[in-house]
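Residues per chain are reported as follows:
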Amino acid sequence: MTLRTTLTSMLIMLILVSIASCNITRNVPEGKYLLKSNKLDLPKKTKVDEDELRNVIRQRPNHRALEFRVKGKVFGIRTKLRVYNSIDSTKAAEDRKRRFKRYRKVNRRRLDRQKRINDRRIERALDKGKTTYKPKDIQLKDTVNPKSTLRNKIKYEFGEPPKILDTTTVKVSREQLELFLEKKGYFNAKVRSEINDSIKKKTAVVTYIIEPNELYYVDSMYLVTSNSVVEAAYEKYLKEGNNVLETPFRYDTEKLGDMRKSLSSFMRNKSLYGFRESYVNYEVDTIGKGTQIHVALKISERKVDDKDGLDSKPFDYTKVNKVYFHLKDTFQYDGNFYKEQILERGASLSAFDDIPTFDTMRYDSYDGNNAQFRTATFLYNEKLTVSAELLEFQNYLEENNYYKGEYVSQSYSRLLQTGLFQSVQYEIIENEDYSIDVHYYLVPQKKQRFSFEPKGTHSNSFLGVAASVNYINKNLFHGGERLKVSFSGGFESQPPVFDDNQEETALNEEARSFNTIEFGPSVMLDVPGLFPVKLSKLSKRQNPHTTYSIAYNFQMRPEFDRQVLQLNYLWKFYDVFRTQVFTVSIPFIGGVQFVSIRNMTDDFINRLEEQNDLFLENAYSNQSIWKDLKVSYQWTNQEIRESDFLFSYRADFDMAGMLVSLLTQNQPENEEGYKEFVGLRYSQFIRLDNEFRLHHFLENENSMNYRLQIGGGLPIGNNGPNLPFDYSFSAGGSNDNRGFRARSLGPGTYKYYLDTNRTVTEIADIRLGGSVEYRFRITDLIKGAVFSDFGNIWTVNEDENRVGGQISKDFYKELSLSGGLGLRFDLSFLILRFDFGIPLRNPALPKGAQWIFQDSDPYIQEGKDIWGKGSDGEYLYKDLMPNPFQPQFHIGIGYPF
């Protein structure tokens, strides 16, 4: 440990000790008490959640880090209060005063400079005979709200002042608790409070004693309405709707509110236009029925605007009469629009006015076989900017079809998702005959743009720099076709393929130099629909897209050059809000990849030959991949905006080489024992990868985050003993198991530390891994994290050069475990991440030495047995074996998951 590191550690320890030793009541005035905690005295049989009751209490104690409860007692560290107390208020005030004085002095200098500059400008203006000049305005320091000093920032922004007991707030809390219990069915609940204070400690504990008394139940609920349409729709709601309350049920205003909201939404989706929550009212009858109550669900009369004010209009089923699309632009207009269209009509148009439309077209896609509702009217100028077929395909409120409330938001979302419009607005006009007209007002974006995108990379946990030049056309043929042409390139630091046993030295040298150059062009075309099928023949629910792409990548590494050519032809299906994405490739031509490795150095070739490792040779060989099927599925619940949980799932399935093997079944093998197709050996495998993520959002921007990864592949026939390099699995690194170097973990129990021919990068065919990460806010800029990762990788076939790497029934005993701390700097345009991970369990080590707290003697003994002593009588293992529990420092961009 260096002197600098030692001094830093001592300073941190000194700060922590000083904070911990602070008296938490040092800033509590005489005669006042620090609110230590709130307690609830609640009968066990009370059917109310204690956490909900605590949230009702108005005054809460100071925040505790890592807070938890045991038998009603609260434990945790009042970090913010201790930080507040650790800084002297007088010194903080003196800091503010000094900064104020310094700002005033700076402002005086700036005002003097401003006056000198303006005097010279006035003089020059007068010399030139001018009567005006452009004054210089120098920005002054803010003395009203000056920037906080470091001491003030820590004390008042991160720290928290003591929460002084307020008896008035205690009284209000009692009233709020009684009101809350009444809403939960305890109509006669009583709440009293007791304050236990300690004059010596200057602390107080408030106990709220709750007497809930009887719980009221709703034994009947009935509809009150004279409208037969509403009555019929309500009967359907009771059978099909959400949040339906079935009697008997405990009285709960929150659940009744949920039913009101659900009922109003259901009614609108049953074509009752204008049905709002405010039309649903509850009347509660508790007279003379003990704890049993009746609830009348009343539907009020609907009121609509009339020329003479408000008028009653009974609810009835509503249809869509006409649909209009207003394309408010002149992108396709040839000529001077303002002169030829606006001035000719004697009108005017200011910079903030909407562009009027003068041309009209009626669209009807009915051909005798498809749906008859796909009609609409388009208003535009000279030529349509976007095809009528595409725009009508986004609309769910179809002419002559019944109105549904959910169709409004779905149509709006679909139009925005096209990415063609800078503004989308809609207007619904109600007619007297229970029909509506729908108007969409669309302002298109410019369809073409160029961009230059510099970015940082962190492949294999080593930073790099890259950039891309892009051309994007969002509406290539006016049908929503999105073309993206890119040329990207960059420099990266890659570790050597083979480990020279001086592990840290080699990696540090590679990390300091950009030893890899990578560049290549790519072209992608995304077309709405399933080409070549017309949109009018497809279901709007599927929202399909066809994607064509071709990309070439050239990578120049110290050991070899690698070229990859990839072609894709994919069909994608989205749900309405794009929370689900289903992707499938066209068999045989949907995914094609050519990999060529050239210009290998003599040293690299010699090392490969010395290894005589089929797994390694297979990873670094020329090959082609012809996918028979590629299926990808993604799902997230992000549309549930009120939820504290965000769950996502992704699955990728690849099958390659099966059709090619049929085409080449009578073809002879090459000299290496493999068959070829179009002059290249082809790969043959099946692979499935799954990832589950769960994010639980807590208070104060804190969150618990979980990830589980399960994947595996099966190399078949012509493939060789393992999966192709690009489809293999690895473990360890900044986005994986952070206690280990990038791609260094596994496979299985392979004893890498005893293998002098080991590679820096380990790959395999099966992966199991997971992570748990607690993220917490430190400041607006800085976020912290505490994490733990587990996992490993395994091969399907036995690898004689990596004994112990093959999957077995004891795979669960071969999982690694690591833990660590992290910092994230939220720079708005990117998140810069620093993670410090420590291996806690290394499955490669012998039994009795796999955990960090266990004795290392079995591990050392293995080294002694393998290498023995050198000529100087010293054991050789000290120079050849790495530290198996070496902490790892990772730099990443973005969150790990």
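This text goes with the structure placed above it.
Residues numbered from 1 in each chain as written. Predicted model: local features only at pLDDT ≥ 70, side-chain atom pairs only at ≥ 80, totals over all residues. Heavy atoms only, no water.

Enquirer: I would appreciate a short explanation of the overall build of the protein chain in the present structure.
Expert: A count of helices and strands for the protein chain gives 17 helices and 35 strands. In terms of its C-alpha atoms, the protein chain occupies a principal-axis envelope of roughly 105 × 95 × 90 Å. Taken across its 897 residues, the protein chain has 44% of its residues classed as buried. Sequence-distant contacts in the protein chain: of pairs separated by 6 or more residues, those separated by 24 or more amount to 66%. Summed over its atoms, the accessible surface of the protein chain is roughly 48400 Å², and 53% of this surface lies on carbon and sulfur atoms. Taking the average place of the 126 positive charges on the side chains of the protein chain and the average place of its 119 negative ones, the gap between the two points comes to 9 Å. (Helix = DSSP H or I, 4+ residues; strand = E, 2+ residues; numbered from the N terminus. Buried < 20%, exposed > 50% of the residue type's maximum accessible area, 1.4 Å probe, protein only. Contact = heavy atoms within 4.5 Å. Areas by Shrake-Rupley, 256 points an atom, 1.4 Å probe, with all protein chains shown as cover. Lys, Arg positive; Asp, Glu negative; His and termini not counted. Charge placed at Lys NZ, Arg CZ, Asp CG, Glu CD.)

Enquirer: What is the right way to look at the nonpolar core in this model?
Expert: What tends to happen in soluble globular proteins is that the nonpolar side chains get buried as a cluster. Judged by nonpolar contacts, the single largest core of 35 residues is most densely connected at F325, L327, F378, L391, L397, Y440 and L442. For this core, the secondary-structure elements that each account for two or more residues are β12 (319-327), β14 (375-380), α10 (388-393), α11 (405-417), β15 (421-430) and β16 (435-444). Ignoring anything within four residues of it in the chain, the contact list for Y440 reads V323, Y324, F325, H326, N395, L397, S411, L415, Q425 and Y426. Of all hydrophobic cores here, the second largest spans 26 residues; its members include V218, F275, V280 and I293. (Core = buried A, V, L, I, M, F, W, Y, C linked by side-chain atoms within 4.5 Å.)

Enquirer: Teacher, can you tell me more about the sheet that holds strand β7 (residues 249-250) here?
Expert: Sheets are built from strands that pair by backbone hydrogen bonding, the pairs being arranged parallel or antiparallel. Spatial strand order, β7-β6-β9-β8: four strands in an open sheet with mixed pairing. Two strands in the sheet have a free side with no partner beyond their single neighbour: β7 and β8 (280-285). Bridge count for strand β6 (residues 217-224) against β7 is two bridges, and the pairing is antiparallel. If you follow Y217 over to β7, its bridge partner there is R250. Helix α8 (residues 253-269) contacts β6, β7, β8 and β9 (292-299) of the sheet and is inclined by roughly 145° relative to β8. (Pairing = 2+ DSSP bridges. Axes fitted to C-alpha atoms, helices over the stretch in contact; angles between N-to-C directions.)

Enquirer: Looking at this structure, how should I read the packing of aromatic side chains?
Expert: Within a pair of aromatic rings, the relevant descriptors are the distance that separates the centres and the angle that separates the planes. All chains considered together, the criterion is met by 42 aromatic pairs. Summarising the aromatic geometry, the rings of F325 and F378 are spaced 4.9 Å apart at their centres and angled 10° between planes, so their arrangement reads as stacked. Here F325 is found in strand β12, whereas its partner F378 is found in strand β14, with 53 residues between them in sequence. One exposure class covers both F325 and F378, and it is buried. Both rings, one in F588 and one in W626, keep their centres 5.1 Å apart while their planes meet at 20°; by these two values the pair is stacked. Remark: W626 occurs in strand β25 (residues 623-636) and F588 occurs in the loop between β23 (580-585) and β24 (591-598); sequence separation between them is 38 residues. (Phe/Tyr/Trp six-rings, centres within 6.5 Å; stacked < 30°, edge-to-face > 60°.)

Enquirer: In this structure, what is going on with a nonpolar patch on the surface? I would like to understand it.
Expert: Together, V465, F487, F491, F514, I517, F519 and M556 line one region of the surface with nonpolar side chains, adding up to about 620 Å² of accessible area. Where the nonpolar patch is concerned, the elements lending two or more residues are β19 (482-492) and β20 (516-528). For F514, the position within the fold is in the loop between α12 (503-512) and β20. (Patch = residues over 30% accessible without salt bridge, like charges linked within 9 Å, V, L, I, M, F, W, Y side chains within 5 Å. Salt bridge = Lys/Arg side-chain N within 4 Å of Asp/Glu carboxyl O.)

Enquirer: Honestly, the pairing of strand β22 (residues 561-574) in this entry has me stumped. Any pointers?
Expert: The two faces of the sheet receive side chains in turn, since in a regular strand these alternate between them. Examined bridge by bridge, strand β21 (residues 544-556) and β22 share 13 bridges and lie antiparallel to one another. Of the residues in β22, the one forming a bridge with T547 is L570. Once β21 ends, the chain turns through four residues before running back antiparallel as β22. Both β22 and β24 contribute to a ladder of eight bridges, which runs antiparallel. Along β24, the bridge assignment pairs R562 with I597. Bridging between β22 and β23 involves five bridges; their strand directions are antiparallel. Bridge pairing links W571 to V584 in β23.

Enquirer: What's the story with the sheet that holds strand β4 (residues 190-198) in this structure? I'm lost.
Expert: Overall, mixed pairing links the three strands, which are arranged β1-β5-β4 in an open sheet. Taken across any chain shown, the strands that pair with only one partner, and hence form the sheet edges, are β1 (34-41) and β4. Strand-to-strand twist of the sheet, defined as the mean angle between neighbouring strand axes without regard to direction, takes the value 20°. In this sheet, strand β5 (residues 203-211) lies alongside β4 in antiparallel orientation, the contact comprising nine bridges. Bridged to I195 within β5 is V206. Along the sheet, helix α6 (residues 167-183) makes contact with β4 and β5, crossing β4 at roughly 150°.

Enquirer: How should I be thinking about α11 in this particular structure?
Expert: Taking 1.5 Å per residue as the helical rise, α11 with its 13 residues ought to reach 18 Å, and the 19 Å between its terminal C-alpha atoms agrees with that figure. By the burial criterion, the buried members of α11 are G405, Y407, V408, Q410, S411, S413, R414 and L415. Buried positions along α11 lie against α8, β12, α10, β15 and β16. One or two residues past the end of α11 sits G419, with phi positive at roughly 70°. (Expected span 1.5 Å × (residues − 1).)

Enquirer: Would you take a moment to explain a negative patch on the surface for this structure?
Expert: A surface patch of negative charge is lined by D602, D603, E609, E610, E617, E671 and E672. The biggest single contributor to the negative patch is helix α13 (residues 602-611), with four residues. Take D603: it is sitting in helix α13. The exposure class of D603 is exposed, given its relative accessible area of 53%.

Enquirer: Help me understand the pattern of salt bridges in this model?
Expert: Pairs may arise between side chains of opposite charge once their charged atoms sit close together. Per the counting criterion, the structure on display carries 41 salt bridges. Here K630 and D654 are joined by a salt bridge, their closest N and O atoms 3.7 Å apart. You can see K630 sitting in strand β25 and its partner D654 sitting in strand β26 (residues 645-656), a full 24 residues away along the chain. Accessibility assignment for this pair places K630 and D654 in one class, buried. Through salt bridges with shared partners, a single ionic network connects R738, E773, R775, D789, R824, R833 and D835.

Enquirer: Mind showing me how you'd approach empty space enclosed by the protein here?
Expert: Remark: the empty space left among the atoms is shown by a probe the size of a water molecule rolled over them. Across all of its chains, the model carries five cavities of 30 Å³ or more by this definition. Estimates place the volume of the second largest cavity at around 190 Å³. Lining the second largest cavity are 20 residues, with D613, L616, T759, E762 and R802 positioned closest to its centre. Of the residues in the lining of the second largest cavity, the class split is eight nonpolar, six polar and six charged. (1 Å grid on protein atoms, 1.4 Å probe; cavity = no way out; pocket = protein on both sides within 12 Å on 5 of 7 lines; lining within 4 Å. Points joined across faces, edges and corners; volume = space filled by probe spheres on them. Nonpolar A, V, L, I, M, F, W, Y, C, P; charged D, E, K, R; others polar.)

Enquirer: For this particular structure, what's the right way to read helix α4 (residues 89-127)?
Expert: The α-helix winds at 3.6 residues per turn, so residues separated by three or four positions along the chain end up facing the same way. If you check α4, its first and last C-alpha atoms are 57 Å apart, about what 39 residues at 1.5 Å a residue would give, namely 57 Å. Every buried residue belonging to α4 is among A92, D95, R99, Y103, V106, N107, Q114, I117, N118 and A125, and all of these are buried. Two or three places before T90, at the opening of α4, D88 has a side-chain oxygen 2.8 Å from that residue's backbone nitrogen. Just downstream of α4, G129 is the residue with a positive phi angle, here 80°. (Polar contact = N/O pair within 3.5 Å; in protein donor to acceptor, adjacent residues only side chain to side chain.)

Enquirer: How should I be thinking about the environment of S409 in this particular structure?
Expert: The topology assignment puts S409 in helix α11. One polar contact links the side chain of S409 to the main-chain carbonyl oxygen of E406, over a distance of 3.2 Å.

Enquirer: Hey, could you run me through the packing of helix α7 (residues 228-240) against α8 in this one?
Expert: A pair of packed helices can be characterised by two numbers: the angle between their axes and the separation between those axes. As a packed pair, α7 and α8 sit with axes 10 Å apart at the nearest point and diverge in direction by 120°. Compared by their axis directions, α7 and α8 come out oblique. Once α7 is placed against α8, the crossing between them reads as right-handed. Each of V230, A233, Y234, K236, Y237 and E240 in α7 lies in contact with α8, whose residues at this interface are M259, S262, L263, F266 and M267. Taken together, the residues that form the contact of α7 with α8 break down as eight nonpolar, one polar and two charged. (Parallel < 35°, antiparallel > 145°, perpendicular 65-115°, else oblique. Left-handed = near helix turned anticlockwise from the far one by under 90°.)

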